[in-house]
Amino acid sequence: MHPILKLVVQRIALGLLLLLAVSVLIYAGTEALPGDVAQAILGQSATPEALANLRESLGLNQPGYIRYFHWLGGVLTGDFGKALTNGQDIGQAIAQRLGNTLFLAGCAAAISVPLAIGLGLVAARYNGRWPDKVISGVTLSTISLPEFVAAYFVIYLLTQVIPIFQPVAMVFPGMSFWAKLNAVALPVIVLVLVVLAHMMRMTRAAILNVMQSAYIETAELKGLSPMRVIWKHALPNAVAPIISVVVLNLAYLVVGVVVVEVVFGYNALGQYLVDHVAKRDLPVVQAVGLIFAAVYIGLNILADVLAIVANPRLRHPK
Amino acid sequence: MSDELHYIVKRAAKGLMSRREFMGRATALGVSAMMANALLASAVRAEEPKKGGLLRAGMAGGESTNSLDPALAASEVPFLVNMTWGEMLVDVTPNGEIDYRIAEEISSNSDATEWKFKIRQGVEYHNGKTVTAEDVVATLKRHTDEKAQSGALGIVQGISEMSASGDMVTLKLASGNADLPFLMGDYHLIIQPDGGVANPAEGIGAGPYKIVENEPGVRHAFERHANYWDPSIAHADQVEVLVINDNTARTAALQAGQVHMINRVDPKIVELLKGVPGVSVEAVAGRGHYVFIMHCDKAPFDNNDLRMALKLAINREEMVEKILGGLGSVGNDFPINAAYPLFDDSIPQRTYDAAKAAEHYKASGHDGSPIVLRTAPGAFPGAVEAAQLFQQSAAAAGIPLEVKVEPDDGYWSDVWNVQPFCASYWGGRPVQDQMYSTAYLSTADWNDTKFKNAEFDELLLKARAELDATKRKEEYSKMANILRDEGGLILPMFNDFVEAKREEVAGWVQDPNGELMNGRALVKCWLNA
């Protein structure tokens, strides 16, 4: 087997193992909360008989590890059960909302990643001169702004002063692709502002780091233009840290944007999780927790693999 | 009618001017308030509703955990959603009268223990079935089942026997209750096919709109129920509720025209919103109130002089002005106001009187140690500030209050109904009996002032079975006076519902029964495009 393939398979297997461990943690954590699911369903009006009946019908009298495997079996076959609060099928609700989450994250990533790397390259090229200072200054101030402030600002600017977008960003099945893009424009702008600086700074720092190397000096002495030196010689050797930061930000775009979702009324996974946490709807919390964990682990594996593929030393181990 | 008056009546009828503004201008033109009201009502009636279009509400108070099961409705969005697809036996009109819906006639025996509801013929559910008397009984029965966890359990519990024959539903009560028809207008008691026993959250009812999209916490979309029995309402072809819990986004959506009406306008921005073209703010005096409650059975509040001293030591006008931003009215230490039927407006208004408060305080013989008042930001909006205002006005009367701010988390389980003196709030009830029975009857679970008065209890039970309105009003007036002078309730203010709508929305009526025209705003308004 090719050593890279072997490494990749190893990473994926390791990731799956990690995910399994996380699923145990999530299950044990929600189980350890005071009160059980039956109590959560019946609330304060629970009588002992009603509790006993419900425990029986939900199978809560079985030991914890058996219930865990039941749950895991359901999850593996795509059955997350039903929400306690409104009886809706969790799998269906999550599928739709996960789609919305990925759509928003995808749009934000499609703009922010190329933009951040491009700006990082430009900043590195003009290190210490005015383009570097402007880029760093602007991106640092947008990242310093709390998300909801940025959100209110763009709402004010782009729906009231210049009314070109709509403040509420809900998307529904049946909307055309363009209508959806138009709906998510404002949250995408906010998310781009928030994640831009981190990736831009890392690109700049990584490039500047390799710019000290002897081979860069050689390239410069050959008479190559500065942008060409950066693009051809510096970037390929600086790509590993950039990838890991980009992936970290992608993970944030998927699992960490609940504030933005709330401000724009965007119907995605974060808002769904928070609502159900407030009502102690444990099956939903477990399911969403597991999905978030899977996204994190998956993206980290991806980062690893890409770093290996991009790094000649790792690609050709001695 | 003067030109000016004519002009403002027209503007108000079109919804271009708020009712409050209209009343102010009309009275400035020398018209009496009653006359102005009548003018407005007839002008609104004269305006022909326009059919068609898509009417949208943006609302706070929805979560992705919401269900369509009417028994479970508790927050604002499920309430309005259910009012849009559901139909009850009756509604209560803004004037506090019965609006006959599925019941077309109601009669009772002389001691109000047996009630007959005649069911309207040919009312159709969204699934094509017809509403029957059996459905009504099955619905009410489902709400009596503890497993249904119905918010109307307290209402239907008092019904000892239900039966259906032909188009007649007969309800027998354990003890007489003259208010039963009003109680049947409770928003949980939506009539469902076969009582909704098999699938309570199906969302099939006999209301004006049927649900086409139900995404809890996000959006609820409806289209007109083609065979709805009452052609005088349900004007828009489609209606929609968007859940927008964030205050700023909700207001922005209204300004941008993405929604036509919103609930819960933040009192802080009312003045700003009034200046926005195309938008009007509607403040409706409702029955909800903000209170400070004392346990009548715990020292030092077991002394009526001390209770009276505290009641006199609160500055009600200041509270309305500073806590509600003027969007409310002063309270009189009993939980009833003019929004209730049979309200006695001749009961004198209690006002801030530091000298008298000091007198009562001295008479109580309290040892001068600070009296602890517990509050929390979530007790009601502005509860901490209100407690501080109370502390200052009481200090001026020589009464030392110590304000203790508690965390929101656990306030309703560890402080309210547990600690002897704290801030709290109440939403209103449709009738006086229900309000008093919920919180002031000696045996009530939620008797949060631990008020136990045999005469009061007796009057309450007597008034409940009294069919003569004059006598009932007298009895309620006596009860109000007892509670006002001896109770543990300090009620400084009734809060308004503050809502806003766009100018193209017509048919808006002020309804003290509940938010957004008692949940029927989407059903009763239309779009003047």
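This write-up is about the structure you can find in this document. Since the model is a prediction, treat every value here as computed from it, not as a measurement. Every chain begins its residue count from 1, and numbering advances along the sequence as written. Chain letters start at A and ligand numbers start at 1, both assigned in the order the entries are written. With the structure being a predicted model, the display of local features is reserved for residues of pLDDT at least 70 and the display and counting of side-chain atom pairs for 80 or more, all residues being used for whole-chain, interface and lining totals. Computation of side-chain values: all heavy atoms of the structure, hydrogens and water removed.

The way it works is that DSSP assigns letters per residue, a run of H or I at least four long becomes a helix, a run of E at least two long becomes a strand, and they are numbered from the N terminus. Assigned secondary structure in chain B consists of 19 helices and 19 strands. The C-alpha atoms of chain B give 24 Å as radius of gyration, which agrees with the globular expectation for 529 residues (24 Å, within 12%). Reported as C-alpha extents along the three principal axes, the dimensions of chain B are approximately 70 × 55 × 45 Å. Methods summary: accessible areas were calculated by the Shrake-Rupley approach with a probe of 1.4 Å, and residue burial reflects only the protein chains presented. Accessible surface for chain B amounts to roughly 20600 Å². Of this, 50% is attributable to carbon and sulfur atoms. Positive and negative side-chain charges in chain B, numbering 51 and 73 respectively, have mean positions lying 3 Å apart. Radius of gyration here is computed from C-alpha atoms only, and the compact-globule reference equals 2.2 Å multiplied by the residue count raised to the power 0.38. Positive charges come from Lys and Arg, negative ones from Asp and Glu, while His and the chain ends are left out of the count. Positions of charges follow a simple convention, taking NZ of Lys, CZ of Arg, CG of Asp or CD of Glu.

Attention now moves to the sheet that holds strand E7 (residues 168-173) of chain B. Residues and elements named next belong to chain B. Here a strand pair is declared whenever DSSP counts at least two bridges between the two strands. Reading across from one edge, E4-E5-E7-E6 is the order of the four strands in this open sheet, with antiparallel pairing throughout. At either end of the open sheet lies a strand with only one pairing partner, and these are strand E4 (103-108) and strand E6 (159-165). Here the strands of the sheet are splayed against their neighbours by 15 degrees on average, with no regard to which way each runs. We call two residues in contact when some of their heavy atoms are within 4.5 Å. For helices, the fitted axis covers only the stretch in contact; all axes are lines through C-alpha atoms, and the angles between them, taken along N-to-C directions, range from 0 to 180 degrees. Of the strands in this sheet, strand E5 (114-119), E6 and E7 are in contact with helix H5 (residues 133-144), which crosses E6 at around 160 degrees.

So, on to the pairing of E6(B). Residue and element names in this part refer to chain B. Across six bridges, the pairing between E6 and E7 is antiparallel. Looking across to E7, one finds that Glu161 is bridged to Lys172. Here E6 hands over to E7 after two residues, with Gly166 in that stretch at a positive phi of 60 degrees.

Once that is clear, we can look at the packing of helix H11 (residues 316-323) of chain B against helix H13 (residues 383-396) of chain B. All names here are of chain B. The contact between H11 and H13 brings their axes to 11 Å, and the two run at 150 degrees. With respect to their mutual orientation, H11 and H13 come out roughly antiparallel. The handedness of the crossing between H11 and H13 is right-handed. Taken together, the residues of H13 that come into contact with H11 (itself represented by Glu318, Met319, Lys322 and Ile323) are Glu385, Ala386, Leu389 and Phe390. Following the grouping adopted for this structure description, the nonpolar residues are Ala, Val, Leu, Ile, Met, Phe, Trp, Tyr, Cys and Pro, the charged ones are Asp, Glu, Lys and Arg, and the polar ones are all others, Gly among them. For the contact of H11 with H13, a count of residues per class yields five nonpolar, no polar and three charged. Angles below 35 degrees are treated as roughly parallel, those above 145 as roughly antiparallel, those between 65 and 115 as roughly perpendicular, and all remaining angles as oblique. The hand of a helix crossing depends on one turn: near helix anticlockwise from the far one by less than a right angle means left-handed, and clockwise means right-handed.

Our next topic: the interface of chain B and chain A. Every contact between the two is made by 22 residues of chain B and, on the other side, 24 residues of chain A. Approximately 2200 Å² of surface area, both sides summed, lies buried where chain B meets chain A, with 52% of it carried by carbon and sulfur atoms. Considering only the surface of chain B that becomes buried against chain A, Ser64(B), Thr65(B) and Gln258(B) emerge as the three largest contributors, covering 27% of it. Counted as salt bridges are all cases of a side-chain nitrogen of Lys or Arg within 4 Å of a carboxyl oxygen of Asp or Glu. Along the contact surface separating chain B from chain A lie zero salt bridges. Once two parts are brought into contact, the accessible area they lose, counted with a 1.4 Å probe and summed over both, makes up the buried area.

Bridge count for E5(B) against E7(B) is five bridges, and the pairing is antiparallel. Residue Glu114(B) lies in a different strand from E7(B), and its bridge partner there is Lys172(B).

Each helix should span, by expectation, one fewer than its residue count multiplied by 1.5 Å. Given a rise of 1.5 Å per residue, 35 residues ought to cover 51 Å, yet the end C-alpha atoms of helix H8 (residues 177-211) of chain A are separated by just 43 Å, more than 12% below that figure. Bend, at a single residue, is the angle you get between axes fitted to the 7 residues ending at that residue and the 7 residues starting at it. Along H8(A), the helix axis deviates most sharply at Ala185(A), where the bend reaches about 50 degrees; the proline Pro187(A) sits within four residues downstream.

To continue, consider the packing of aromatic side chains. Within 6.5 Å between ring centres, the rings of Phe, Tyr and Trp (the latter by its six-membered ring) count as paired, and their orientation is classed by plane angle as stacked under 30 degrees, edge-to-face over 60, tilted in between. Applying the stated rule across the entire model yields 21 aromatic pairs over all chains. An angle of 70 degrees between the planes, with centres 6.2 Å apart, marks the rings of Phe292(B) and Phe380(B) as edge-to-face. One end of the pair, Phe292(B), is in strand E12 (residues 279-294); the other, Phe380(B), is in the loop between strand E14 (371-375) and H13, with 88 residues separating them in the sequence. Take Phe292(B) and Phe380(B): they sit in the same class, and that class is buried. A ring pair is formed by Phe334(B) and Phe343(B), whose centres lie 6.3 Å apart and whose planes are at 25 degrees; its orientation type is stacked. Working definition: with a 1.4 Å probe on protein chains only, accessible area under 20% of the residue-type maximum means buried, over 50% means exposed, and in between means partly exposed. Classification of Phe343(B) as partly exposed rests on a relative accessible area of 21%. Put simply, the rings of Tyr290(B), Phe292(B), Phe301(B), Phe380(B), Phe390(B) and Phe421(B) touch in pairs and so form one group of aromatic residues. We note Arg219(B) situated over the ring of Phe172(A); from NZ or CZ to the ring centre the distance is 3.5 Å. Counted as over-ring charges are cases with an Arg CZ or a Lys NZ within 6 Å of the ring centre that also lie within 35 degrees of the ring normal.

Any two cysteine sulfur atoms lying within 2.5 Å of each other are counted as a disulfide. Enumeration over the complete set of coordinates arrives at zero disulfides over all chains. Summary of cysteine pairing: Cys296(B) is not part of a disulfide, and the nearest cysteine sulfur, belonging to Cys422(B), is at 13 Å.

Residues and elements named next belong to chain B. For the peptide bond that leads from Ala299 to Pro300, omega is -5 degrees, which places it in the cis range. Secondary-structure assignment places Pro300 in the loop between E12 and helix H10 (304-312). For Lys450, which is not glycine, the phi torsion reads 50 degrees and is therefore positive. Mapped onto the fold, Lys450 is located in the loop between helix H15 (432-439) and helix H16 (454-464).

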